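Okay, here's what each chain looks like letter by letter:
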Amino acid sequence: MNKKTFLRMLVGFIIVQAILSIWIDYTLEVGVEEEQGRFVIRNVENPMTIQERITEEFQPDEYRIEKGKPLTIYGSERLYRFFGFFSRNPNKAIYAFQLIRMIIIVDILLLVIAYLTRKKMSMIPTKLQLVFEMMYTFFEDLTRETLGKDKLHFTSYVLTIFLFIWTCNIIGIVPFPGFVEANSNINAPFGMGIMAVLVVHYMSIKHKGFFKYLKGYTEPFFPLAPINFVGEFSKGISISFRLFGNVLGGAIILLVISSLVRFIILPVGLNMFFGLFIGTLQAFVFTMLAMSYIAVEIFD
Amino acid sequence: MEVIVRAAALLGAGVCMGIGALGPGIGQGYVAGKACEGIARSSENSALLTRTMLLGQAVAESTGIYSLVIALLLIFATG
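Definitions and cut-offs
Residues numbered from 1 in each chain as written. Chains lettered and ligands numbered in written order. Predicted model: local features only at pLDDT ≥ 70, side-chain atom pairs only at ≥ 80, totals over all residues. Heavy atoms only, no water. Helix = DSSP H or I, 4+ residues; strand = E, 2+ residues; numbered from the N terminus. Buried < 20%, exposed > 50% of the residue type's maximum accessible area, 1.4 Å probe, protein only. Polar contact = N/O pair within 3.5 Å; in protein donor to acceptor, adjacent residues only side chain to side chain. Contact = heavy atoms within 4.5 Å. Expected span 1.5 Å × (residues − 1). Axes fitted to C-alpha atoms, helices over the stretch in contact; angles between N-to-C directions. Parallel < 35°, antiparallel > 145°, perpendicular 65-115°, else oblique. Left-handed = near helix turned anticlockwise from the far one by under 90°. Nonpolar A, V, L, I, M, F, W, Y, C, P; charged D, E, K, R; others polar. Core = buried A, V, L, I, M, F, W, Y, C linked by side-chain atoms within 4.5 Å. Patch = residues over 30% accessible without salt bridge, like charges linked within 9 Å, V, L, I, M, F, W, Y side chains within 5 Å. Areas by Shrake-Rupley, 256 points an atom, 1.4 Å probe, with all protein chains shown as cover. Salt bridge = Lys/Arg side-chain N within 4 Å of Asp/Glu carboxyl O. pLDDT = per-residue confidence, 0-100. Buried area = accessible area lost by both parts, 1.4 Å probe.

Q: Just checking my understanding: could you explain the overall build of chain A for this structure?
A: Of the regular secondary structure elements, chain A holds 10 helices and three strands. For chain A, the N- to C-terminal ordering of α and β elements is α-β-β-α-α-β-α-α-α-α-α-α-α. Scored against the burial criterion, the 300 residues of chain A give a buried share of 41%.

Q: Just to check I follow, could you spell out the side chain of Thr117 of chain A for this structure?
A: Residue and element names in this part refer to chain A. Residue position: Thr117 is located in helix α4 (residues 97-119). Side-chain polar atoms of Thr117 contact the backbone oxygen of Ile113, separated by 2.6 Å. Setting aside anything within four residues of it in sequence, one finds Thr117 in contact with Leu128, Gln129 and Phe132.

Q: Where do I start with helix α7 (residues 187-208) of chain A in this structure?
A: Given 3.6 residues per helical turn, the α-helix brings residues three or four places apart onto the same face. Residue and element names in this part refer to chain A. When the terminal C-alpha atoms of α7 are compared, their 31 Å separation across 22 residues agrees well with the 32 Å that a helix rising 1.5 Å per residue should span. Every buried residue belonging to α7 is among Ala188, Pro189, Met192, Gly193, Ala196, Val197, Val199, Val200, His201, Met203 and Ser204, and all of these are buried. The positive-phi residue at the C-terminal boundary of α7 is Gly209, with phi of around 95°.

Q: Please clarify how the packing of helix α6 (residues 155-170) of chain A against helix α10 (residues 266-298) of chain A should be interpreted in this entry.
A: Describing two packed helices takes the angle between their axes plus the distance from one axis to the other. Residue and element names in this part refer to chain A. Closest axis-to-axis distance for the α6/α10 pair is 9 Å, and the angle between their directions is 155°. It follows from the interaxial angle that α6 and α10 lie roughly antiparallel. In the packing of α6 onto α10, the handedness of the crossing is right-handed. Taking contact as the criterion, the partners of Tyr157, Val158, Ile161, Phe162, Ile165, Trp166, Asn169 and Ile170 in α6 are, on α10, Gly275, Leu276, Gly279, Thr280, Ala283, Phe284, Phe286, Thr287, Met291 and Ile294. Split into classes, the residues belonging to the contact of α6 with α10 amount to 13 nonpolar, five polar and no charged.

Q: Mind showing me how you'd approach the nonpolar core here?
A: Where a protein is soluble and globular, its nonpolar side chains tend to be buried together. Among the nonpolar cores identified, the biggest contains 44 residues, and Phe139, Leu147, Phe154, Tyr157, Ile165, Phe286 and Ile294 of chain A are the most heavily contacted of them. The set of elements that each furnish at least two residues to this core consists of α4, α5 (127-147), α6, α7, α9 (225-260) and α10 of chain A together with α3 (46-60) of chain B. Among the elements that make up this core, the one with the highest residue count is α10 of chain A (12 residues). Setting aside its immediate chain neighbours within four residues, Ile165 of chain A contacts Asn183, Met192, Leu243, Ala283 and Phe286 of chain A. With six residues, the next largest nonpolar core counts Phe244, Leu248 and Ile252 of chain A together with Val69 of chain B among its residues.

Q: Even after reading the chapter, I still don't get a nonpolar patch on the surface, so can you show me in this structure?
A: All names here are of chain A. Among the surface-exposed residues, Ile100, Ile104, Ile108, Val112, Tyr115, Leu116 and Leu128 lie close enough to one another that they form a single nonpolar patch of about 640 Å² accessible area. Residue placement: Val112 occurs in helix α4. Its relative accessible area of 44% is what places Val112 among the partly exposed residues.

Q: Quick question: what am I supposed to make of the confidence of the model for chain B here?
A: Atomic detail in the predicted coordinates should be set aside for any region of low pLDDT. Residues and elements named next belong to chain B. When the pLDDT values of chain B are averaged, the result is 86; 95% of them are 70 or greater. Mean pLDDT in chain B bottoms out at helix α4 (residues 62-76), which sits at 81, and peaks at helix α2 (residues 22-41), which reaches 93. On the interface metric, ipTM, the complex scores 0.77, and its pTM is 0.72.

Q: What should I look at first to understand the interface of chain B and chain A in this one?
A: If you look at the interface, chain B gives 15 residues, while chain A gives 22 residues. Approximately 1500 Å² of surface area, both sides summed, lies buried where chain B meets chain A, with 75% of it carried by carbon and sulfur atoms. Run the count over chain B and chain A and you get one salt bridge. Across the pair Arg51 of chain B and Glu145 of chain A runs a salt bridge, and its minimum N-O distance is 2.8 Å.

This is how it looks when you write it as structure tokens:
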């Protein structure tokens, strides 16, 4: 099967799914069945109102516990038993399944793109290679400007953060039922914020030495040490909550306006703004801030 | 009693969003105006200026985002 046929099939599948998702309001449910504690993948009818959907967007894990039995189940459901691992408390679903599903999808997507790009590298670049070379060059210049010439190996870290957050943000505009932005759950941005703060502290210890790093907490005079300590960790909270709030706010506005106009035309433009523009901007801002935090520690 | 708590939470969410959006709005507009001045003065630096402007605006926006989070907490986690 050549590439053109595959792309045509993919586009056709997306269009059919998009058209179907207007009439058939089903969602893909991946999680734990409440009664017997079995892992389940199935398409269920969506028995929720708009208010409940917003609530689920805000707290997907807590809401899944209270949700009742689905009215209709489409197709065949696949049940897996995990040796009673999940069935310790059958009334509680395991947390954040939606988030984990989206993160796995994003990871597989990035791996496939990386494989396709690296499969045939040439001096005269193909289109895909050209796009990623431009992206790499842009971030290399950015790293050189921000962190200096001898820290160019940070480009891979920076570009990885950017690509992951960016893909997580713009995957919400794919019109599959059940696709959400992974960043609209607080756990994903918070994890990346913790990682960024850890890298900052590691670079600080490596650059200054451990005792000078500890001395940095008592910077003007000693009684301010607790405030400095809290301030260091509020860095991670600040950048992760910024990403989370922007993405979740966009998602809720999209949901409300889409249900007002019955999913016709207008959500496409809103998706362009909230998905593409805000998503790209916030991914870039997260990357730049993580880099600036490192730069503050490196340059005295 | 619960109705009063619910109503107070909703009212508080509205007030929180309204007041919380004031500061970031003023700050972001100020930053954009200054960036316009800078670009008009030295247009060869416009890429750097635009990038710095967007970064500064995103940082200034964070208090608005915090108020959004608090408003969402008031709406969905109260009552």
